Amino acid sequence: MPRLIQLNGSGATRQLALRVPMTMIGRAETNDIVLDNVRASRFHAALVTHGAAVTIEDLSSRNGLFVNGVRIANAQLANGDTIVLGGAMFRFLAEARVVPTEPLYLQPRPLSSDRSDARIT
């Protein structure tokens, strides 16, 4: 499931799962993600999920919407994109797929006191 990581100045983060098909962000209490900042519009932006794709749209906010430092009206998001709106910063994370792997076991090798026979194997 795609999500946003909210970043703040102290280094703390908060994970926010996106609602399907739409997640609303803004200052109004009826938004899915509520921003407590006067720089945020009451209804600032909407994230819309279309299958695996997620787009973000500025809802005519006063202070704008920025993706990777560029002011946009709307954009399709890519994994790792930085979103800034209404004094808040987020990182977009696309759905993570876990690939099962074999466990890695390292066998300790005895060290030789004579370095002339040391080989990398």
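Refer to the structure above for everything that follows.
Scoring rules and cut-offs
Residues numbered from 1 in each chain as written. Predicted model: local features only at pLDDT ≥ 70, side-chain atom pairs only at ≥ 80, totals over all residues. Heavy atoms only, no water. Helix = DSSP H or I, 4+ residues; strand = E, 2+ residues; numbered from the N terminus. Contact = heavy atoms within 4.5 Å. Core = buried A, V, L, I, M, F, W, Y, C linked by side-chain atoms within 4.5 Å. Buried < 20%, exposed > 50% of the residue type's maximum accessible area, 1.4 Å probe, protein only. Pairing = 2+ DSSP bridges. Salt bridge = Lys/Arg side-chain N within 4 Å of Asp/Glu carboxyl O.

Peer 1: Would you mind going over the overall build of the protein with me for this structure?
Peer 2: Helix and strand counts for the protein stand at 0 helices and 11 strands. Reading the secondary structure of the protein in the N-to-C direction produces β-β-β-β-β-β-β-β-β-β-β. Restricting the contact set of the protein to residue pairs at least 6 apart, pairs at least 24 apart contribute 28%.

Peer 1: Looking at this structure, how should I read the nonpolar core?
Peer 2: When a protein is soluble and globular, its nonpolar side chains tend to lie buried together. Residues Leu4, Ile56, Ile83 and Phe90 are the most contacted members of the largest nonpolar core, which totals 21 residues. Of all the secondary structure elements, the ones that give two or more residues to this core are strand E5 (45-50), strand E6 (53-58), strand E7 (65-67), strand E10 (82-85) and strand E11 (88-93). Among the elements that make up this core, the one with the highest residue count is E11 (3 residues). For isoleucine 83, the residues in contact, after removing those within four places along its chain, are Leu4, Ile56, Leu65, Phe66, Val67, Leu77, Ala88, Met89, Phe90 and Phe92.

Peer 1: Explain the sheet that holds E6 to me, please; I cannot follow it from the model alone.
Peer 2: Spatial ordering of the open sheet is given by E4-E3-E5-E6-E9, a layout of 5 strands whose pairing is mixed. Whereas interior strands pair on both sides, the edge strands pair on one side only; in this sheet they are strand E4 (33-34) and strand E9 (74-76). Pairing of E6 with E9, which is carried by 3 bridges, proceeds in the antiparallel orientation. Within E9, the position partnered with threonine 55 by the bridge is glutamine 76.

Peer 1: What am I meant to see in the pattern of salt bridges here?
Peer 2: A side chain with one charge can pair with a side chain of the opposite charge if their charged atoms come near. Applying the stated criterion to the full structure yields 1 salt bridge. In this structure, the salt-bridge partner of aspartate 32 is arginine 19, at a minimum N-O distance of 3.3 Å. Here arginine 19 lies in the loop between strand E2 (13-17) and strand E3 (22-26) and aspartate 32 lies in the loop between E3 and E4, a separation of 13 residues in the sequence.

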